[in-house]
Amino acid sequence: MDKWTALEPVKLYDKATKATSTAASVISRFAQNQPSRATYIGPLPPELHLLILEHLPLYDLPAVARSSRALSRLVRDEKLWELKWLALKVEKFGLQEVLSELQNEEEQKPPPPRPNHFIVEEESDLALFSVGGDDDFGDFTEAPPTQSTTGTATATFGQFVTTFNTVALDNKSAVPYITAFPSHHTYRSKFIKAHRALAALLPKVVTPAELALSHLFPSPSKALYRGRILHLLALFLSPAIEPTRIWSAQREALSAAIEKFNAGLVSAFDGAEENRDDEGMKEAAWASWEVWNGSGEWELGKTWMEKRDVFYDSDRWDPLRNLTNNSLDLDPMVVFMTNTMESVRKEGALAIRIFPPSADILLAFTRRVATDVIAEYITPLLERSKEISTATYLKATPATFKQAWRMVDDIMEVAQGPTSKGHARKNSFADHSQKSSMANGKPAEPVITRTQAEDVIFRMFEMFMDDYLTEELSSTKKALDASCNEWDRKVATHTGLVSPNAPNFLASKNPAQVKRNVLASFADVLLLPVQVAATGGTAVAKGISKLNPQQWSDKSKMEANGYRTPLEDKDDPNVFDLTIEDADEPQDVEVHPSPIPPHIANVSRSSLAPSRSRPQSRSGTPAPGSRSPTPMPSSFDRLELLLSLDVALELIHAVRDSLARVQTFQAYPGSFGYRVRDTIEQLFVLLLQAMGDRHICPAFEKATEQMKMYKPDEHEITTSVAPLLQFFELVHLADTIQSMVQVFFDKELASHIDRTDFMNDVIREKKRFENALDDAVATGMNAGTEVLMNQVEHIIWSRTGPREYYPPENAPLELGPTQGCREAIQCLEMHCKLLKGSTSKEVLEVFYQEVGIRLHAIIQKHLKRQIVSLEGGFQVIADLNAYYNFIASLRVQQITQDFSNLKMLGHVFIVSDAKDLAQIVRDVTRYGGSFRPEDVYEFIQRRADWKKIEKTVDKTMYNLSFKEDCIIA
């Protein structure tokens, strides 16, 4: 065992070594990115010193520069002076021309004598300065204590310009990444020139306001030029620069001078306005805008707007004239808006001509017109309309909004006029963004955008939106409830249910085509516009109301093919022709003859309208002595009247009117936009709830209850089940209503919601509505199937004679189905064909399968009640063959096989030899597993000769004989 040695794992690399090398590489890279400590100024890097210098006042920078050579290099760094130059905002406000003129005037003046104690020889300073020496601070220049002298820039500033010209700087920066620029064409040189020009004007500012303007502008000059100089001085005396130690006092003095200057501009503007001097007004307005500091309202613009006549003409207009005789007619408001828009166009054009574009006077003026004029006109109008009726208020709100919306187009017309293109860029006093775009050579922005113009009306109308949207939902819900309550009252009292001109699906050859024609007409009507504004004495147009169910058919004429003819007035565009447009054109739905026999069709058609001579009782027999003027519909022959297309159209019409009104505000932005879209969704949810929970589901519940009360033996007609026929008509009506809701959803709601959002309220409620309708139909179909099969069982039991399968001897045989079999199959065929086209293929197969299973059980039960002779066995086989042929026509494989096995069962009644019969009974494979030998044994017991062959059959089947094998002790 010594030769076996454990192998030690081989380490591909040392993790500790790798970790150490990785950490070292990270540290080395970090060290490379960090500045060398040789460049530090004291304990801090130069970046922090530069950040501190950015926040120091301008007058403290010379003292910092004298403290050491390193700080002197930082003070002269371009990054610092770039910030100082940008704080002056010369390019931002387009003041380069004025500043250049001031600089030229300052350069033409003789330079002032410099004090000897501030002169520092450049050569001696360079000799004392050395980078990397032991002393980082070097020598200091001597300077006397600062004298506190007011009124002079030299005493308070400490000879800023001279000091910085004499402090030397080598060609290398204090740090490697801070570059030392040459002294010409740099931010520092530009700021020094601007400082010289502006500092010369500061002594003139610190004087009384009456004298400051005369000192600053001794010679006559334009107001615009003076305003720009004052603006430049205001920027110079700002907290971002702080040029002198007494800059705050100088700024207050300058503010007083600007106020005095602005007051003179307002007076000049008023005088020019009285003289209709647009150029004078323009010069005063632009100069006043130049010196305005941006706080509060611009006085000159406010004064101009307050003098407009449009704000003082409210006495001329009475908003209540739009509600004459308690009806809405907005013709007076049309006149009011026309007059107001003329004033807006006139005053807006003047504002564009005389005011700077950045002042937004046109926008401010239109906002004030909307708030103080239009809103003041609309408020009493809506209040009064609400007092009259809710319907009037709901019509007036969107109608007034549409009238106010006319202002948007007028604003844009004024803004896009020939005078709205602006003036030369050098005279443009736009806001910061506009001036920046002009400096960069970009085109100037429009005076007012369409979004801003629309926002004027949106903001004005916000005060009415809360009440309107709440009232719209409440009113629509009340209208839907009222329609459903009225229909419930009619159903409860059996009055007003008859609609003789409604489409009859069962009476037509092609119910699917009738439904398509109805939906096509409904979709065409949905495309008609709904007029919201009521003007010219015309009431609100009700486009969907033109879809009148009474126009679908002629109550006196019907074509032989089952389609109704249109009304006599064929020129009426509101008449809907439900006939097939082109008889030669192939249809995509199979057209088959009407499955209803003539006498049944007559009964079905007569059931659409109650007899005017006498009412019918629940059992269908005449009710003697009844003198009720209103016919009482039969409980079973009138199930289709539990649903009404009139009510469905009324509900859709109410919701569509509300949607048309609410959609007026669909472009609303912000929170009210969300509320508008939510209201649109809630309106459709209310429609689905009213249509499903209040109309369709209760109708199917009542129909199901009434079908369960049907008793076949109380009716003479056996080939039809009255409640089931009318239930099929009810299914057709419900399917049509559901399709109408889907069409309405696609036309009106699909553009407002996301169909893929399964959490959306509309999608969830629509799915619930469809599921509730499917459940109601399924429940009704279950009850209807039970009623139908009870009827079939009654037909077979009542129409089959006692000796149908046990005929007398030597009687002639007619090998054909019995009367009971024929009538049962006829009843089943008619009802199965009626269901085609009204439901899906899957539901139809389930119905057929249920009918087959129950019919299979009924036939077995019927055979077990009969006595069958050998001759009667052939009659049994004939009946079973007929039943099989009917089931095979339904094309449901599962039940077809069961009836094929049932057909083989008829052979047990025609076999005369008992032993052969026993072998047939014992053959399990003969019936495909549908019947066990015990089940077949029960059927052969119904043979007429059973007592004769019982012993032989038992002995052959079970090898059993009671006499030989059984001993009784």
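About the criteria used
- Residues numbered from 1 in each chain as written.
- Predicted model: local features only at pLDDT ≥ 70, side-chain atom pairs only at ≥ 80, totals over all residues.
- Heavy atoms only, no water.
- Helix = DSSP H or I, 4+ residues; strand = E, 2+ residues; numbered from the N terminus.
- Buried < 20%, exposed > 50% of the residue type's maximum accessible area, 1.4 Å probe, protein only.
- Contact = heavy atoms within 4.5 Å.
- Areas by Shrake-Rupley, 256 points an atom, 1.4 Å probe, with all protein chains shown as cover.
- Patch = residues over 30% accessible without salt bridge, like charges linked within 9 Å, V, L, I, M, F, W, Y side chains within 5 Å.
- Salt bridge = Lys/Arg side-chain N within 4 Å of Asp/Glu carboxyl O.
- Axes fitted to C-alpha atoms, helices over the stretch in contact; angles between N-to-C directions.
- Parallel < 35°, antiparallel > 145°, perpendicular 65-115°, else oblique.
- Nonpolar A, V, L, I, M, F, W, Y, C, P; charged D, E, K, R; others polar.
- Phe/Tyr/Trp six-rings, centres within 6.5 Å; stacked < 30°, edge-to-face > 60°.
- Lys NZ or Arg CZ within 6 Å of the ring centre and 35° of its normal.
- Expected span 1.5 Å × (residues − 1).
- Left-handed = near helix turned anticlockwise from the far one by under 90°.

Participant: So what's going on with the overall build of the chain? Which residues, and what values?
Facilitator: Summing up its helical and strand segments, the chain has 35 helices and zero strands in all. Buried residues in the chain amount to 47% of all 969 residues. If you take every contact in the chain between residues at least 6 apart in sequence, the share linking residues at least 24 apart comes to 78%. Accessible surface, the chain: about 50100 Å² in total, of which carbon and sulfur atoms supply 52%.

Participant: How would you sum up a nonpolar patch on the surface? Please name residues and give values.
Facilitator: Residues L44, L48 and L51 make up a contiguous nonpolar surface patch of about 230 Å² in total accessible area. Mapping L48 onto the fold places it in helix α2 (residues 46-54). For L48, a relative accessible area of 39% translates into the label partly exposed.

Participant: Tell me about the packing of helix α28 (residues 819-834) against helix α30 (residues 870-890), residues and numbers included.
Facilitator: Here α28 crosses α30 at 5 degrees, and the two axes come no closer than 10 Å. Taken together, α28 and α30 sit at an angle that is classed as roughly parallel. Contacts between α28 and α30 involve C821, A824, I825, L828, E829 and C832 from the former and D879, A882, Y883, F886 and L890 from the latter. Its residues assigned to classes, the contact of α28 with α30 shows nine nonpolar, no polar and two charged.

Participant: Tell me about the pattern of salt bridges, and please be specific about residues and values.
Facilitator: Following the criterion strictly, the structure yields 30 salt bridges and no others. With a closest N to O distance of 2.4 Å, E273 and R308 form a salt bridge. Taken as a pair, E273 in helix α14 (residues 247-274) and R308 in the loop between α16 (299-306) and α17 (331-354) lie far apart in primary sequence, 35 residues in all. The two residues E273 and R308 agree in class, both being buried.

Participant: Which residues make up the packing of aromatic side chains, and what values go with them?
Facilitator: Tallied over the full model, the rule gives 30 aromatic pairs. An angle of 50 degrees between the planes, with centres 4.8 Å apart, marks the rings of F401 and F665 as tilted. Of the two residues, F401 sits in helix α19 (residues 390-415) while F665 sits in the loop between α24 (645-662) and α25 (670-708), which places them 264 residues apart along the sequence. Judged by relative accessible area, F665 falls into the buried class, the value being 1%. Ring centres 4.5 Å apart and planes at 45 degrees place the aromatic pair F458 and Y668 in the tilted group. One end of the pair, F458, is in helix α21 (residues 450-493); the other, Y668, is in the loop between α24 and α25, with 210 residues separating them in the sequence. Comparing F458 with Y668 shows no difference in burial state: the two are buried. Across from the ring centre of Y674, 5.0 Å away, lies the NZ or CZ of R677, which sits over that ring. Seen from the ring of Y806, R803 lies directly overhead, with NZ or CZ sitting 4.7 Å from the centre.

Participant: A description of helix α13 (residues 223-236) should follow, citing residues and the corresponding values.
Facilitator: The end-to-end C-alpha distance of α13, which contains 14 residues, comes to 20 Å, matching closely the 20 Å that a straight helix rising 1.5 Å per residue would cover. Among the 14 residues in α13, eleven count as buried, and that is most of the element. Burial in α13 covers these residues: A223, L224, G227, R228, I229, L230, H231, L232, L233, L235 and F236.

Participant: Break down the packing of α16 against helix α18 (residues 361-388) for me, citing the residues and quoting the values.
Facilitator: It is at 11 Å that the axes of α16 and α18 come closest, and there the two elements cross at 45 degrees. Compared by their axis directions, α16 and α18 come out oblique. Helix-helix and strand crossings are classified by hand; for α16 and α18 the assignment is right-handed. Contact residues: α16 offers G301, W304, M305 and E306, while α18 offers I361, A364, F365 and R368. Considering only residue class, the contact of α16 with α18 consists of five nonpolar, one polar and two charged.

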